[in-house]
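Commentary on secondary and tertiary structure
If you want the building blocks of each chain, they are given just below.
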Amino acid sequence: SSNKRTDQYGGNFKNRMNFPLEIIRGIKKSLGQDYPLLFRFSADEFVEEGRSLEESKQVARGLEGEGVHVLDVSAGTYDSMPTLIEPMSYEEGWKIYLAEEIKKVVKIPVIGVGVIRTPAMAENILKEGQVDFLALGRALLADPHWPNKARQGRVDEIIKCISCNIGCIGGRVFRDLHIRCTINPVTGREREFGTLIPAAKRKKVLIIGGGPAGMEAARIAKMRGHQVTLVEKSARLGGQLRLAAVPPGKDKINWYSDYLLYQMEKLKIKIHLRHQATPTSAQRLNPDVVIVATGATPWVPDIPGIESPNVVQAWEVLERKKKVVGSQIVVAGGGIVGCETALFLAPSNRKVTIVEMLESIALDMEPINRTDLQAKIQKAGIEVLVKKTVKRITDEGLTVSDDKGQEELIPAERVVLAFGGKPDDSLFRKLAGKIPELHLIGDSGRGRNIFDAAYDGARVGRLI
């Protein structure tokens, strides 16, 4: 739909097939007829005037007739990016139907792709005969040992890709940075992290905070031979992973939580829940090392009326600590948390409005997931007001001003604050100078997301 040609490579179907067929003939002329030749293409481009599944069946037959040995069936183009490199909200195996339909019209093997994350899903697709082979991409960035773990029945040990795209595609490759993985800090750091060196001296390690940074630090430290104790003030491990998994389409984050929890159990790490660590309780354990991973707390700016009864924090909403009632809700803050909280609230048939001071919403989000999120916000009928600065909050709602200083009232029965977080490093500061070795990781330090938290934990776990 974007390459309108009038020469022998454009226009009708026959002309448009000239380009791939000439390439195939050239390869066969150079390498011989029997050299294995695999052809990957999108069976549905999901764009207006783009190639549809029905036309792709003709393409498949033409490729088979020209001597292609295997078809690798994907979907999408850069104009329909979420279908090409799926964000988190796309269901596992969602586009296998495309390869299945292609398989019905050819006799050569067909490979299927598309958010295959679990051996169970892969086995079921193959068992049903939908495709002949399955291809894994990002799944192997998250865990290059996926096939061996599946074959050996070690399914709980698989680090399942959560399709966040932060460490790999949108957050790294599209910015000309070396590839990484959000939930596997070893990926792209194999020289630095690839070999886990046993500790030269076994230390008594206390980790305060059971979010992703704390659990990853505990995992690595224990595997290196340290004596590890992890304390967490709440009744559950997971930290903000639990909140992040609540909004619609974010449940894959639970996969990472489950993996870390399994590691805590497998490694028999000593864990104390409902334990509010203090300088006194930390020192009482006489640790050689303390790793502080106490996370962040919501940032509350100095805005008149912000302590009003009709104001709640987004984190409290996602934790279900506060129930949001009313027919008109305004979410103040259009970053990722604000946008996802708005989506979480939208299904209740009430008017939800996002107010953001920047020129667009979700600018702190990886671009592919942001495109998907913005489409969902529009579909949900959520009103978005940008370049609006919150001036005050009253019983009537939210007063904002634009870049020219003009003020207006946005009516609201409830105002949900999503202004981000601030590091909770108070315990770290109180312990400074009182512990032989002290480290600050995750959101309580420089962290901003899961990528930073996992890396911090992996780094410090290897450092001590």
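One structure accompanies this document, and this report is about it. Values in this document were obtained by computation on a predicted structure and should not be read as measured data.

On to the environment of V110, then. Secondary-structure assignment places V110 in strand β3 (residues 110-112). For V110, a relative accessible area of 0% translates into the label buried. Each C-alpha atom, one on V110 and one on A418, is 47 Å from the other, the two residues being 308 residues apart in sequence. Among residues more than four places away in sequence, those in contact with V110 are L71, V73, A99, I102, K103, V131, D132 and F133.

Among all positions of helix α5 (residues 96-103), only I96, L98, A99 and I102 are buried. Projected down its long axis, α5 shows its buried positions confined to an angular sector of 155°, all on one face. At its buried positions, α5 is contacted by β1 (38-42), α3 (53-65), β2 (70-74), β3, α6 (119-127) and β4 (133-134).

A few words on empty space enclosed by the protein. Counted by the stated rule, this structure contains one cavity of 30 Å³ or more. Here the largest cavity is characterised by a volume of approximately 80 Å³. What lines the largest cavity is simply R138, L141, C161, I162, S163, C164, N165, C168, C181, T182 and I183. Here the lining of the largest cavity is built from residues that sort into seven nonpolar, three polar and one charged.

To continue, consider the state of the cysteines. Enumeration according to the criterion identifies zero disulfides in this entry. Note on C161: no disulfide assigned, nearest cysteine sulfur contributed by C168 at a separation of 6.3 Å. Classification of C161 by relative accessible area gives buried; the value is 9%. Free of any disulfide, C339 has its nearest neighbouring cysteine sulfur in C164, separated by 18 Å. When its relative accessible area of 0% is taken as the criterion, C339 is described as buried.

The four strands lie next to each other as β1-β2-β3-β4, forming an open sheet whose pairing is parallel. Looking at the sheet topology across the chains shown, the edges are occupied by β1 and β4. Examined bridge by bridge, β2 and β3 share three bridges and lie parallel to one another. Of the residues in β3, the one forming a bridge with V73 is G112. The strands touched by α3 are β1 and β2; relative to β1, the strand with the most contacts, the crossing angle is about 170°. Running at roughly 170° to β3, α5 makes contact with β1, β2, β3 and β4 of the sheet.

Turning to the packing of aromatic side chains, a few remarks are in order. Taken as a whole and assessed by the stated rule, the structure comprises seven aromatic pairs. A ring pair is formed by W299 and F419, whose centres lie 6.2 Å apart and whose planes are at 75°; its orientation type is edge-to-face. Separated by 120 residues along the polypeptide, W299 in the loop between β9 (296-298) and β10 (311-313) and F419 in the loop between β17 (414-417) and β18 (421-423) bring together distant segments of the chain. Of the residues examined, W299 reaches a relative accessible area of 40% and is grouped as partly exposed. F419 sits in the partly exposed class, given a relative accessible area of 24%. In this structure an aromatic cluster arises from ring pairing among F46, Y90 and W94. Cation over ring: R462 sits above F193, and NZ or CZ is 4.2 Å from the ring centre.

Let's shift gears to a nonpolar patch on the surface. A cluster of nonpolar side chains, Y78, V173, F174 and I179, forms an exposed patch at the surface whose accessible area comes to about 380 Å². As for its position among the elements, V173 is in the loop between α8 (146-151) and α9 (190-193). Under the relative-accessibility criterion, V173 is labelled partly exposed at 37%.

Let us now look at α6. Of all the residues in α6, the buried ones are P119, A122 and I125. The arc enclosing the buried residues of α6, seen along the axis, measures out at 130°, which places them on a common side. Summarising the geometry of α6, the exposed residues directed more than 90 degrees from the buried face are A120, E123 and K127. Note on α6: the residue one or two positions beyond its end, G129, has a positive phi of about 70°.

Helix α18 (residues 450-463) packs onto helix α10 (residues 212-223) with a crossing angle of 30° between their chain directions and a minimal axis gap of 7 Å. As judged from the angle between their axes, α10 and α18 are roughly parallel. Here the hand of the crossing between α10 and α18 comes out right-handed. Contacts between α10 and α18 involve P212, A213, E216, A217, I220 and A221 from the first element and A453, A454, G457, A458, G461 and R462 from the second. Counted by class, the contact of α10 with α18 contains eight nonpolar, two polar and two charged residues.

Running from N to C, helix α15 (residues 336-345) and helix α16 (residues 367-379) point in directions that differ by 40°, and their axes come no closer than 10 Å. Crossing of α15 against α16: the hand is left-handed. Residues C339, E340 and L343 of α15 form the contact with α16, whose own contacting residues are L373, K376 and I377. In terms of residue class, the contact of α15 with α16 is made up of four nonpolar, no polar and two charged.

Right, let's talk about the nonpolar core for a bit. I162, I183, I207, Y256 and I291 are the most contacted members of the largest nonpolar core, which totals 37 residues. Counting residues per element, the ones that place at least two in this core are β5 (204-208), α10, β6 (227-231), α12 (253-266), β8 (289-292) and α18. It is α12 that contributes the most residues to this core, six residues altogether. When near neighbours in sequence (up to four residues on either side) are disregarded, I183 contacts A142, I159, K160, C161, I162, Y256 and I450. The next biggest cluster of nonpolar side chains, apart from the first, holds 27 residues, and it includes V68, L71, I96 and I125.

Conventions used here
- Residues numbered from 1 in each chain as written.
- Predicted model: local features only at pLDDT ≥ 70, side-chain atom pairs only at ≥ 80, totals over all residues.
- Heavy atoms only, no water.
- Helix = DSSP H or I, 4+ residues; strand = E, 2+ residues; numbered from the N terminus.
- Buried < 20%, exposed > 50% of the residue type's maximum accessible area, 1.4 Å probe, protein only.
- Contact = heavy atoms within 4.5 Å.
- Arc of directions from axis to C-beta.
- 1 Å grid on protein atoms, 1.4 Å probe; cavity = no way out; pocket = protein on both sides within 12 Å on 5 of 7 lines; lining within 4 Å.
- Points joined across faces, edges and corners; volume = space filled by probe spheres on them.
- Nonpolar A, V, L, I, M, F, W, Y, C, P; charged D, E, K, R; others polar.
- Disulfide = S-S within 2.5 Å.
- Pairing = 2+ DSSP bridges.
- Axes fitted to C-alpha atoms, helices over the stretch in contact; angles between N-to-C directions.
- Phe/Tyr/Trp six-rings, centres within 6.5 Å; stacked < 30°, edge-to-face > 60°.
- Lys NZ or Arg CZ within 6 Å of the ring centre and 35° of its normal.
- Patch = residues over 30% accessible without salt bridge, like charges linked within 9 Å, V, L, I, M, F, W, Y side chains within 5 Å.
- Areas by Shrake-Rupley, 256 points an atom, 1.4 Å probe, with all protein chains shown as cover.
- Salt bridge = Lys/Arg side-chain N within 4 Å of Asp/Glu carboxyl O.
- Parallel < 35°, antiparallel > 145°, perpendicular 65-115°, else oblique.
- Left-handed = near helix turned anticlockwise from the far one by under 90°.
- Core = buried A, V, L, I, M, F, W, Y, C linked by side-chain atoms within 4.5 Å.

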